Amino acid sequence: MRLAIFMPAVLPVQGYGGTERIAVNQVRGLAARGHTISLLAGAGSTVPEAALVPVPLPAATGRFEIEPYLPAGTELLLSNVKLHHPPAAVPWVEVLHGNRRPDERGPPQTIYLSRDHAERHGGGCWVHNGVDPAEVIFRPVKQKFDLFLGRLHAVKGYHWAIAGAKRLDRKLRIAGAWRPSLDPRVRYLGQVGGAAKAELLADARLAWMPALWDEPFGMTLVEAMASGTPVLGTRRGALPEIITSEVGRLGTTLDELIALVPECERIDPAACRARFEKYFTHHQMAAEYERVLREFLATGRLPVGRTPEERGA
C-alpha cells in the first residue's frame, strides 16, 4: 500500500512524546512490511523509513486542509490527530490516542487503542500499540527500587504508589514532573526519556501503574514488560487486556495492590520479555494495522479488533 501517516510534530521527539513515538513506530513497522510511507510531519523530521512531506506545524493541528499535502498516488491517509478537514479524494482513518468527552462523537473510521477503549466510545476496531525493541533494555537482574513513570496527575494514581512504598518501606523513584520530597524512600526524577528512561525501566524491580481512570492503552505497561519488569496496576481501561498473571498483578484498592507486591516480585523477568516479543513489538502492531487498513480499503469499513491471543493464533 502507498500510505500517508500524519503526525503534526518534529519526529522523532526528544524526551517522552507518547503519541509521537507511536507514529514513528507505525512508520517503521509498516515500512518493514513493504509498504511505501509518506510522513506528513514537521520540517526537520528524520525518519529514514518514510519520505518526509513537511507540514506547517502552527496550522497542523488538524484544522487545516490536508489534501494538498498528500502525494500523488496515496491510497490511504492514517492520521494520528483529529481531522477537521479530511480529504475528499483519498480514503482516511483516524487513530484516537486519548479519551473523548462523553458527549463527543467521532467518525466511524476511528481506530482505537484497545478493546475497552473502543467499547467505551461505541467503536469496534482497535490496534494495540507496539514498542520498538531497540528502544528498551531487557535486564533480568533488578535493583532495589520501584518505579512510577508518567504524568503526576491524580488520575494516574501516583499517590497510591507513594503510599504503597511508604507502607511497605520500599524505595520508589518517580519519573514525571519534579516535586520536592522530604521522605528518603521517595525520589522525584523529573521527566525522563530515551536512554535514561530505558535504564530506569530495566533496573526497577516493579513498575507501579495504579490508574484511577480508564487508560486507553498505557505504553508504560509494554515498555516495562519489554524490560523484564513486572507491573502492578488497577483493573481500569486497557490494563486487564495487557497485563496477565505472567507479567504482573492487578487490584482494585490500594490495600489489594500492597498485598500483591510479593507475588509481583516472584514473576520471572524472562516471562515479561517473552509476552512483549510475542504480542507487543512494533512489528506486531504493524501487522495488525496492515490487516485493518487493507479491509478498510476493500470494504469501506473497519474490521473488529483482535485480542493478543487471537492475533497469536
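Residues numbered from 1 in each chain as written. Predicted model: local features only at pLDDT ≥ 70, side-chain atom pairs only at ≥ 80, totals over all residues. Heavy atoms only, no water.

Chemist: Give a detailed account of the sheet that holds strand E9 (residues 186-188), specifying residues and quantitative values.
Modeler: Taken in spatial order, the six strands make up an open sheet running E9-E8-E7-E10-E11-E12, and their pairing is parallel. The open sheet has two edge strands with one neighbour each: E9 and strand E12 (248-251). When the angles between neighbouring strand axes are averaged without regard to direction, this sheet yields 20 degrees. Relative to strand E8 (residues 172-175), strand E7 (residues 146-149) runs parallel, the two being bridged by four bridges. From the neighbouring strand, Phe 148 faces E8, where its bridge partner is Ile 174. Each of E7, strand E10 (206-209) and strand E11 (231-234) touches helix H5 (residues 219-226); the most contacted strand, E10, lies at about 170 degrees to it. In the packing of helix H7 (residues 254-265) onto the sheet, contacts are made with E10, E11 and E12, and the angle to E12 comes to roughly 165 degrees. (Pairing = 2+ DSSP bridges. Helix = DSSP H or I, 4+ residues; strand = E, 2+ residues; numbered from the N terminus. Axes fitted to C-alpha atoms, helices over the stretch in contact; angles between N-to-C directions. Contact = heavy atoms within 4.5 Å.)

Chemist: Run through the pairing of E11, naming residues and quoting values.
Modeler: Side chains Val 231 and Gly 233 of E11 all project onto a buried face; the interleaved residues Leu 232 and Thr 234 project onto the opposite face, where all are buried too. Sheet topology places E10 next to E11; three bridges connect them, and they run parallel. Directly across from Met 209, in E11, lies its bridge partner Gly 233. In this fold, E10 hands off to H5, which returns the chain to E11; that crossover is right-handed. Bridge count between E11 and E12: four bridges; the pairing is parallel. Bridge pairing in E12 places Gly 233 opposite Leu 250. (Buried < 20%, exposed > 50% of the residue type's maximum accessible area, 1.4 Å probe, protein only. Right-handed = clockwise from strand over helix to strand, strands pointing away.)

Chemist: Can you break down the packing of aromatic side chains residue by residue, with the values?
Modeler: Enumeration according to the criterion identifies four aromatic pairs in this entry. Taking 5.9 Å as the distance between ring centres and 50 degrees as the angle between the ring planes, the aromatic pair formed by Phe 6 and Phe 64 counts as tilted. Placement of the pair is Phe 6 in strand E1 (residues 2-6) and Phe 64 in the loop between strand E3 (51-54) and strand E4 (76-79), with a sequence separation of 58 residues. Here Phe 6 matches Phe 64 in class, with each residue buried. Note on Phe 64 and Tyr 69: the rings are 5.5 Å apart at their centroids and 55 degrees apart in plane angle, and the pair reads as tilted. (Phe/Tyr/Trp six-rings, centres within 6.5 Å; stacked < 30°, edge-to-face > 60°.)

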